[in-house]
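# Structural overview for review
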Amino acid sequence: MNVNEVIAHRANELLGENLVHPNDHVNCSQSSNDTFPTAMHVAARVALEEQVLPAIGRLTATLDRLSAEYRDVVKIGRTHLQDAVPLTLGQEISGWSAMLGHDRDMIVQACRALLGYAFLSAPNKFHALTSKDQMVFAHGALKALAADLMKIANDVRWLASGPRCGIGELIIPANEPGSSIMPGKVNPTQCEAVTMVAVQVMGNDTAIGIAASQGNFQLNVFLPVTIYNFLQSARLLADAMDSFEANCVRGIRP
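My aim in this report is to walk through the structure given alongside it, one point at a time. (Residues numbered from 1 in each chain as written. Predicted model: local features only at pLDDT ≥ 70, side-chain atom pairs only at ≥ 80, totals over all residues. Heavy atoms only, no water.)

Per the stated rule, a full pass over the model turns up 11 salt bridges. Arg10 serves as the salt-bridge partner of Glu13, at 3.0 Å between the closest nitrogen and oxygen. Taken together, the residues span about one helical turn, with Glu13 and Arg10 both in helix H1 (residues 2-15) at a distance of three residues. Taking relative accessible area as the criterion, Glu13 reaches 46% and is therefore assigned partly exposed. For Lys75, the salt bridge identified is with Glu92, shortest N-O distance 2.7 Å. Remark: Glu92 occurs in helix H4 (residues 89-115) and Lys75 occurs in strand S1 (residues 74-79); sequence separation between them is 17 residues. (Salt bridge = Lys/Arg side-chain N within 4 Å of Asp/Glu carboxyl O. Helix = DSSP H or I, 4+ residues; strand = E, 2+ residues; numbered from the N terminus. Buried < 20%, exposed > 50% of the residue type's maximum accessible area, 1.4 Å probe, protein only.)

If you want it as structure tokens, here you go:
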């Protein structure tokens, strides 16, 4: 509505007289309850396709390279935090890659559910105005990605723990060697950043779920908080995956 006023004001400046009304002429019967839901669905779809999916692809490619490189490095497996049967480091990393592949597939499926591959008018406008179930479904795929990233990052920092008095199976890049009191200490900062992003995304998912449940009668008015959290999740996940890939995963060594 503010944009309508700005356009009307500029039009009247150019005309030299007050002829254009922001609502009667510029808006011209177009409700914000049409434009905002449309804009949020388009923005969500663009964020998934242009930010999240490419970042998944880059991280997966690096994991696949490491999996092939370390396919013959035998190590102990662990279940229940206890020693289990052996496997190779390549096999372990292949599991991480497969997780991201499944997450990618779920996000692609969510893109279909969100609007389909073309931007089309909703077949039932009464549903579209009051229900945000598609946004919940789509963000659920982001929560699944966050859960897998939490697991992968935690595995990496546990396997790199020590290095002398921990597990010490992996060496990770020393991006910020040294702590405020212990020189030479290598903290898994990239892993910690990923896990904090995962926590934020899981919190955003709760907010979106609650917001979507507030469609009173013919309209849900919780759209701003829904799309704010959705776009924040997409941006954080994409940025975290790219940083994790470039500053940690790429340099992992047994």
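Next comes the rest of the account.
Before going further, it helps to examine the side chain of Asn204. Checked against the element boundaries, Asn204 lands in helix H7 (residues 189-212). Separated by 2.9 Å, the side chains of Asn204 and Gln232 make a polar contact. Contacts of Asn204, omitting those with residues within four sequence positions, involve His139, Asn229, Gln232 and Ser233. (Polar contact = N/O pair within 3.5 Å; in protein donor to acceptor, adjacent residues only side chain to side chain. Contact = heavy atoms within 4.5 Å.)

Another point: the packing of aromatic side chains. Evaluated as defined, the whole model comprises zero aromatic pairs. Its end group placed over the ring of Phe119, Arg45 keeps NZ or CZ at 5.6 Å from the ring centre. (Phe/Tyr/Trp six-rings, centres within 6.5 Å; stacked < 30°, edge-to-face > 60°. Lys NZ or Arg CZ within 6 Å of the ring centre and 35° of its normal.)

The next point concerns the pairing of strand S2 (residues 82-88). Two strands pair when backbone bridges link them, and S1 and S2 are joined in this way by five bridges, in the antiparallel orientation. Its bridge partner being in S2, Thr79 is matched across the sheet by Gln82. Between the end of S1 and the start of S2, which pair antiparallel, lie two residues, with His80 showing a positive phi angle near 60°. (Pairing = 2+ DSSP bridges.)

What follows concerns helix H3 (residues 32-69). The first and last C-alpha atoms of H3 sit 54 Å apart over 38 residues, in line with the 56 Å expected at 1.5 Å per residue. At Leu48, H3 shows its strongest bend, of approximately 30°. Where H3 begins, one side-chain oxygen reaches toward the backbone nitrogen of Asn33, 2.9 Å away; that side chain belongs to Ser31. (Expected span 1.5 Å × (residues − 1). Bend = angle between axes of the 7 residues up to and from the residue.)

Along the chain, the position of Pro254 falls in the segment after helix H8 (223-247). Owing to a relative accessible area of 43%, Pro254 belongs among the partly exposed residues under this scheme. In sequence terms Pro254 and Ile172 are 82 residues apart; their C-alpha atoms lie 8.8 Å from each other. Pro254 has contacts with Tyr70, Val73, Leu89, Glu169, Leu170 and Ile171, leaving out every residue within four places of it along the chain.

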